Amino acid sequence: MAEVMRRKKVCVIGAGAAGLCAARHFAPNLNFELKVFEQTNNIGGTWVYKEATEVDENGLPVHSSMYRDLRTNLPAKIMNFPDYQRLNAVEPCCVSHQEVRSYLQNYADHFDLFKYIQFGTRIESVRLQVSAEGEEEWVVRTKIMKTKEEKEIIFNVLMICNGHYFDPYMPKIPGIEKFPGMIIHSHSYRKPEDFSGKSVLILGAAASGVDIALDLANHAIRIYLSHNNERLNSSLPSNIIEVLGVEKIEEGKIFLKDQSSVTADVFMFCTGYRYSFPFLDENCGIRVDDNFIIPLYKHLINIDHPTMCIVGVPTVVVPFPMFHMQIQYFLALLEKRASLPTKLIMLENSKLKTSKKRHAHKLMDKQWDYNNSLADAGGFDRLPKFYKLGYEAWSAQRKANLLNYKRARFVISEDEESVELVIPK
Ligand code: FAD
């Protein structure tokens, strides 16, 4: 006779894209009783634009790093969750943040998720305890922001979907405290008019650094894009000047790695974010060491306490479809349709495979094998081919045409065996 599963109580922290995806897969499943806690008053997380940069309507630090004119840096088509393909922009292939937010609203409506979400409620702390029956449980302390009322609730399963782009990372720059101008992190960047007539040094040329430099180009007089990576292509506007990384600040000047110096009114860190789980008690067993989260199996499962997962840890990926894969894998484990390997194998899998800890969760081209491995181990469908093909076409077009790739037409063949990004004349 099949084993009857006791209904498990599931806590999801956060109602951004990852938390919604968790709810979509767990809510209809009768083996689970679901509760999603969201500290703000909205779903969507990153995709909820806030003019404010300091505190939100509930008195909490502003979570979202969205800026006013942001268009996605990935083609909308490959941002779709595979089971809800309604983000259908073809040309231009990249869409506004408002469109992504409404897509998430529609996703939540379509799967009837709102009834599981408790808004304005922040998770203050989570600790592990063992029940009288010897089972591990998560003791979750919630705080209702309006009334300040706090209470502890016990759950069997914990899914951390709190986002990974809200705690700014700013490398130490000798002399930065004496920089005479404005210092800002991209987390607080909102609109280019705020920098009209100013010269801005942007430190970091990953997605945000490049995108914000282009956003500023019609307003700032000069933008130094400071980084140590491969040079970008030459089609940048003439007031964006690529320079080497920053060495130090002295006597009001910014010294670069080649000992040359520049001056600027604004120093903008586009240096990314730190993983941050301020609510996790030490006894939950998760550590973050120089942005390397340990010990996680498949960048997802808490190896010591596998009824906990952290969704969305890999970087330089296509996040929404990856959430869809991670969550189904976790569900398969809990339902015992899949099983974890031995602890020794999991620890081996979790070892650092990159030269720097900071890049431990960067997947890039490896994301497709990663997604496939989740599907194969969990016994569910792999992602349709157009995701990988679309990502590759996007990657090539972005490299060749940084200025125009967002305007491209997303052309997918009828058999979905090929994808092209065509820039209109
Ligand atoms: P979030 O969207 O950050 O949501 C986390 C939620 O958890 C928030 O609502 C937050 O309020 C809540 N929360 C946090 N802590 C607590 C707590 N203690 N208690 C209760 N609730 C809590 N991705 C793309 O696919 N395409 C793009 O073009 C793209 N552009 C981006 C541009 C920027 C500027 C940034 C910052 C990110 C971009 N991303 C993009 C990545 C984006 O972050 C992901 O697509 C995705 O939205 C992440 O979803 P999430 O649910 O993991 O996190």
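Our structure's up above, just so we're on the same page.
Residues numbered from 1 in each chain as written. Predicted model: local features only at pLDDT ≥ 70, side-chain atom pairs only at ≥ 80, totals over all residues. Heavy atoms only, no water.

### A short note on the packing of aromatic side chains
Then step 1. This model, assessed by the stated rule, comprises 19 aromatic pairs.
Then step 2. Judged by centre distance (5.6 Å) and plane angle (65°), the rings of Trp 368 and Tyr 391 are edge-to-face. One end of the pair, Trp 368, is in helix H7 (residues 367-378); the other, Tyr 391, is in helix H8 (residues 386-400), and 23 residues separate them in sequence.
Then step 3. Look at Trp 368 and you get buried, because its relative accessible area is 6%.
Then step 4. Measuring from ring centre to ring centre gives 4.4 Å for Phe 386 and Tyr 387, while their planes differ by 25°; the resulting arrangement is stacked. Here Phe 386 matches Tyr 387 in class, with each residue buried.
Then step 5. Every member of this aromatic cluster is reached through a ring pair, and the members are Phe 81, Tyr 84, Tyr 103, Tyr 107, Phe 111, Phe 320 and Phe 323.
Then step 6. For Lys 248, the ring lying beneath its charged end belongs to Phe 255, and the centroid distance is 5.3 Å. (Phe/Tyr/Trp six-rings, centres within 6.5 Å; stacked < 30°, edge-to-face > 60°. Helix = DSSP H or I, 4+ residues; strand = E, 2+ residues; numbered from the N terminus. Buried < 20%, exposed > 50% of the residue type's maximum accessible area, 1.4 Å probe, protein only. Lys NZ or Arg CZ within 6 Å of the ring centre and 35° of its normal.)

### Here's the deal with the site of the ligand
Then step 1. With respect to spatial proximity, 31 residues lie near the ligand, and among them Glu 38, Thr 46, Trp 47, His 63 and Asn 73 are the closest.
Then step 2. Between Glu 38 and the ligand, the recorded distance is 2.7 Å, taken from a side-chain N or O atom to an oxygen atom.
Then step 3. Trp 47 places a side-chain nitrogen or oxygen 2.8 Å from an oxygen atom of the ligand.
Then step 4. Bound to the protein, the ligand loses 94% of the 990 Å² it would expose on its own.
Then step 5. Sorting the residues of the shell around the ligand by element identifies helix H1 (17-26), strand E4 (121-130) and helix H5 (319-334) as the ones contributing at least two each. (Near = heavy atom within 4 Å. Polar contact = N/O pair within 3.5 Å; in protein donor to acceptor, adjacent residues only side chain to side chain. Areas by Shrake-Rupley, 256 points an atom, 1.4 Å probe, with all protein chains shown as cover.)

### Focus on the pairing of strand E6 (residues 150-155)
Then step 1. The pairing of strand E5 (residues 136-144) with E6 spans six bridges and is antiparallel. Residue Lys 143 lies in a different strand from E6, and its bridge partner there is Glu 150.
Then step 2. Hairpin connection from E5 to E6: five residues lie between these consecutive antiparallel strands, with Lys 148 at a positive phi of about 65°. (Pairing = 2+ DSSP bridges.)

### Re the side chain of Ser 199
Then step 1. Along the polypeptide, Ser 199 turns up in strand E9 (residues 199-203).
Then step 2. Not counting residues up to four positions away in its chain, the partners in contact with Ser 199 are Ile 221, Arg 222, Thr 263, Ala 264, Asp 265 and Val 266. (Contact = heavy atoms within 4.5 Å.)

### Details of the side chain of His 25
Then step 1. Note that His 25 resides in helix H1.
Then step 2. His 25 gets classed as buried once you look at its relative accessible area, which sits at 11%.

### Topic: the packing of H5 against H7
For any two helices packed against each other, one specifies the crossing angle of their axes together with the interaxial distance.
Then step 1. Relative to each other, H5 and H7 sit at 30°, their axes nearing to 9 Å. Between H5 and H7, the crossing angle belongs to the class labelled roughly parallel. Relative to H7, the crossing made by H5 is left-handed. Contacts between H5 and H7 involve Met 322, Met 325, Gln 326, Tyr 329 and Ala 332 from the first element and Tyr 370, Asn 371, Leu 374, Ala 375, Ala 377 and Gly 378 from the second.
Then step 2. Of the residues contributing to the contact of H5 with H7, the split by class is eight nonpolar, three polar and no charged. (Axes fitted to C-alpha atoms, helices over the stretch in contact; angles between N-to-C directions. Parallel < 35°, antiparallel > 145°, perpendicular 65-115°, else oblique. Left-handed = near helix turned anticlockwise from the far one by under 90°. Nonpolar A, V, L, I, M, F, W, Y, C, P; charged D, E, K, R; others polar.)

### Focus: the pattern of salt bridges
Two side chains that carry opposite charge are able to pair once their charged atoms sit near each other.
Then step 1. Applying the stated criterion to the full structure yields 24 salt bridges.
Then step 2. Of the charged contacts, one joins Lys 191 and Asp 194 as a salt bridge, the two residues approaching to 3.3 Å between their closest N and O atoms.
Then step 3. Of the charged contacts, one joins Asp 211 and Lys 406 as a salt bridge, the two residues approaching to 2.8 Å between their closest N and O atoms. Of this pair, Asp 211 sits in helix H4 (residues 207-216) while Lys 406 sits in the loop between H8 and strand E21 (409-412), and the two are 195 residues apart along the sequence. Just as Asp 211 is buried, Lys 406 falls in that class too.
Then step 4. One connected set of salt bridges, linked through shared partners, spans Arg 127, Arg 141, Glu 150 and Glu 152. (Salt bridge = Lys/Arg side-chain N within 4 Å of Asp/Glu carboxyl O.)

### Section: H7
Then step 1. Taking 1.5 Å of rise per residue, the twelve residues of H7 would be expected to cover 16 Å, and the 16 Å separating its terminal C-alpha atoms lies within 8% of that figure.
Then step 2. Residues of H7 that are buried make contact with H5 and H8.
Then step 3. Within two residues after H7, Gly 379 carries a phi angle of roughly 70°, on the positive side. (Expected span 1.5 Å × (residues − 1).)

### Overview of the nonpolar core
Then step 1. Counting 99 residues, the largest nonpolar core has Phe 26, Met 159, Ile 202, Leu 216, Met 268, Phe 320 and Phe 323 as its most contacted members.
Then step 2. In terms of residues, this core owes the most to one element, H5, which gives eleven residues.
Then step 3. Residues contacting Met 159, with those up to four places away along its chain left out, are Val 10, Cys 11, Val 12, Ile 13, Ala 22, Phe 26, Cys 309, Val 311, Ile 327 and Phe 330.
Then step 4. If you look at the next biggest cluster of nonpolar residues, it comprises 23 residues, including Trp 138, Val 140, Phe 279 and Ile 310. (Core = buried A, V, L, I, M, F, W, Y, C linked by side-chain atoms within 4.5 Å.)

### With respect to H4
The periodicity of an α-helix, 3.6 residues per turn, causes residues three or four places apart in sequence to face the same way.
Then step 1. Burial analysis of H4 places seven of its ten residues in the buried class, the great majority of the element.
Then step 2. Here H4 has its buried residues at Gly 209, Val 210, Asp 211, Ile 212, Ala 213, Asp 215 and Leu 216.

### Points about the pairing of strand E1 (residues 8-13)
Then step 1. Most of E1 is tucked away, with five of its six residues classed as buried.
Then step 2. The pairing of E1 with strand E2 (residues 32-37) spans six bridges and is parallel. Paired with Val 10 across the two strands is Leu 34, which belongs to E2.
Then step 3. Pairing of E1 with strand E7 (residues 157-160), which is carried by four bridges, proceeds in the parallel orientation. Within E7, the position partnered with Val 12 by the bridge is Met 159.

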